[in-house]
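Structural overview for review
These are the residues of each chain, in order.
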Amino acid sequence: MHRNSVISIDMGGTKVLGCVVNSKEGIIARVKKTTDRTASKKEYVNQLAAVVNELIEEVNFDKKKIKAVCLGVPGTVNPTTGVIGIAPNLGLKNFNIKKMLEAEIPFPVLIENDVNLGALGIKNFGVGKKATNLLAVFVGTGIGGGFIIDGKLYRGSSFGAGEIGHMLVEKNGPKCGCGNKGCFEAVASRTAIVNKIIKDIESGEKSKIAKLIKKGDRIKSKSLASAVKSGDKVVQRRIKEGCEVIGGVLASITNLLNLDMIVLGGGMIEALDNYMLPLIKKSFSEHVMNDSAKGLKIVASKLGDDSAIFGGIALAEEFLGVRV
Ligand SMILES: [Zn+2]
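Analysis parameters
Residues numbered from 1 in each chain as written. Predicted model: local features only at pLDDT ≥ 70, side-chain atom pairs only at ≥ 80, totals over all residues. Heavy atoms only, no water. Helix = DSSP H or I, 4+ residues; strand = E, 2+ residues; numbered from the N terminus. Rg over C-alpha atoms; globule rule 2.2 N^0.38 Å. Buried < 20%, exposed > 50% of the residue type's maximum accessible area, 1.4 Å probe, protein only. Contact = heavy atoms within 4.5 Å. Lys, Arg positive; Asp, Glu negative; His and termini not counted. Charge placed at Lys NZ, Arg CZ, Asp CG, Glu CD. Donors = N, O, S within 2.8 Å, 3.2 Å for Na, K, Ca; no water. Tetrahedral: all angles 85-135°; square planar, octahedral: opposite > 155°, others 65-115°. Axes fitted to C-alpha atoms, helices over the stretch in contact; angles between N-to-C directions. Parallel < 35°, antiparallel > 145°, perpendicular 65-115°, else oblique. Left-handed = near helix turned anticlockwise from the far one by under 90°. Nonpolar A, V, L, I, M, F, W, Y, C, P; charged D, E, K, R; others polar. Pairing = 2+ DSSP bridges. Phe/Tyr/Trp six-rings, centres within 6.5 Å; stacked < 30°, edge-to-face > 60°. Polar contact = N/O pair within 3.5 Å; in protein donor to acceptor, adjacent residues only side chain to side chain.

We now examine the overall build of the chain. Helices and strands together make up the secondary structure of the chain, namely 10 helices and 13 strands. For the chain, whose C-alpha radius of gyration is 20 Å, the value lies close to the compact-globule estimate of 20 Å for 324 residues. The dimensions of the chain, computed from C-alpha atoms along their principal axes, are 60 × 50 × 35 Å. Counting only residues that meet the buried cut, the chain has 51% of its 324 residues in that class. Sequence separation of 24 or more characterises 63% of the internal contacts of the chain that already satisfy a separation of 6 or more. Charged side chains of the chain number 46 positive and 32 negative; the gap between the two group centres comes to 2 Å.

Written out as structure tokens, the structure reads:
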């Protein structure tokens with residue numbers, strides 16, 4: 001007999017990860033599927049419904065035990081209405097996904113920004129259990145942030161809080177996906193760091209990843225990690241610069257909010273935490289005011305992609321008052 005559970009779905013740009021999860025047993029089933037980005041809204045929702053159905057079949061689950069389907073959306077959301085404001089990587093805009101998906105499956109649908117869900121997962125089921133004021137930062141393609149303030153997810157006045165990736169860090173700096181220039185993520189995300197390395201290589205510097213770039217491969221965090229390990233000076237220098245910026249921004253946020261924990265996650269941290277964390281901490285301590293950082297811990301998340309999956313449990317408890 002299974003316990004009450006939720007189905008959490010992390011909606012990536014090209015793939016969705018769906019899991020059956022509860023607070024006692026953790027993740028009990030997992031399905032990863034490629035989604036078609038050119039699909040219509042209806043077709044996309046049908047693909048999500050198929051993931052839900054596949055998960056239930058896989059674990060032979062009593063449907064009554066599934067209390068909610070929680071969607072982690074890479075974009076702006078209104079969790080009370082179930083409307084996605086804009087999710088650029090999914091090509092979705094002003095879309096009541098809750099309504100359309102609830103018409104296809106017999107469960108309540110809840111939605112939340114994927115980074116906020118990650119913060120909820122870390123706070124309730126990860127390294128942040130004891131923290132009261134926590135910032136979760138995910139460094140990868142972009143840089144996302146989710147705040148737990150006084151033990152609760154801080155969503156802001158219109159659910160837009162936590163967009164630390166778009167804090168201005170370099171006036172007239174590199175162009176950001178949001179349209180502005182010099183945003184934090186346009187300077188220090190993996191994408192930004194790789195762009196700088198490409199320019200270095202084009203201007204004649206030697207790097208191990210030149211071969212990959214020539215082949216037209218996407219440079220993943222793992223490739224950067226192996227370049228760092230092999231002593232690649234260009235890659236090391238650019239990552240170090242990125243860490244200096246990250247540490248400085250985290251110090252500014254700590255000066256503002258007097259946090260007690262910062263948890264770092266995302267592809268780049270997962271691949272390079274041993275290299276990046278000391279550099280980030282060094283820059284952090286150079287920029288933070290001592291009183292604001294008293295007792296503050298900077299740690300790596302150990303949940304990986306699963307943080308947002310676990311966050312679904314907390315979301316269901318918050319919105320539906322169920323224990324799962
Ligand atoms: Zn931006």
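A word on the coordination of the zinc ion. With distances of 2.0 to 2.3 Å, the protein atoms coordinating the zinc ion are His166 (ND1), Cys176 (SG), Cys178 (SG) and Cys183 (SG). Considering all 4 donor atoms around the zinc ion, the spread of angles at the metal, 103 to 122°, places the coordination shape in the tetrahedral class. Counting gaps between the donor residues of the zinc ion yields the pattern H-x9-C-x1-C-x4-C. A residue pair is termed long-range when its members are at least 10 positions apart, and His166 in the loop between strand S11 (152-153) and helix H4 (184-188) and Cys183 in the loop between S11 and H4 qualify at 17 residues. Overall, the relative accessible area of 2% leaves Cys183 in the buried class.

Let us now look at the packing of helix H7 (residues 221-229) against helix H8 (residues 233-257). Angle between the axes and distance between the axes are the two parameters that describe a pair of packed helices. Contact pair H7 / H8: the axes reach a minimum separation of 8 Å and the direction vectors enclose 115°. Relative to H8, the element H7 is oriented roughly perpendicular. When the axes of H7 and H8 are compared, the crossing they make is left-handed. Residues Leu224, Ala227 and Val228 of H7 form the contact with H8, whose own contacting residues are Val235, Gln236 and Ile239. A per-class count over the contact of H7 with H8 returns 5 nonpolar, 1 polar and no charged.

Moving on: the pairing of strand S8 (residues 109-113). The element S8 is largely enclosed, with a buried count of 5 among its 5 residues. In this sheet, S8 lies alongside strand S4 (residues 66-73) in parallel orientation, the contact comprising 5 bridges. Across the sheet, the residue bridging to Leu71 is Ile111, located in S8.

Taken as a whole and judged by the stated rule, the model has 1 aromatic pair. Ring plane angle 40° and centroid distance 5.5 Å describe the contact between Phe125 and Phe310, whose orientation is recorded as tilted. On the criterion of sequence distance, the pair formed by Phe125 in helix H3 (residues 114-125) and Phe310 in helix H10 (residues 306-320) is long-range, its members being 185 residues apart.

Here we come to the side chain of Asn116. Relative to the elements of secondary structure, Asn116 occurs in helix H3. In this structure the side chain of Asn116 is engaged in a polar contact, spanning 3.3 Å, whose partner is the side chain of Glu112. Asn116 has contacts with Gly145, Gly146, Leu153 and Ala161, leaving out every residue within four places of it along the chain.

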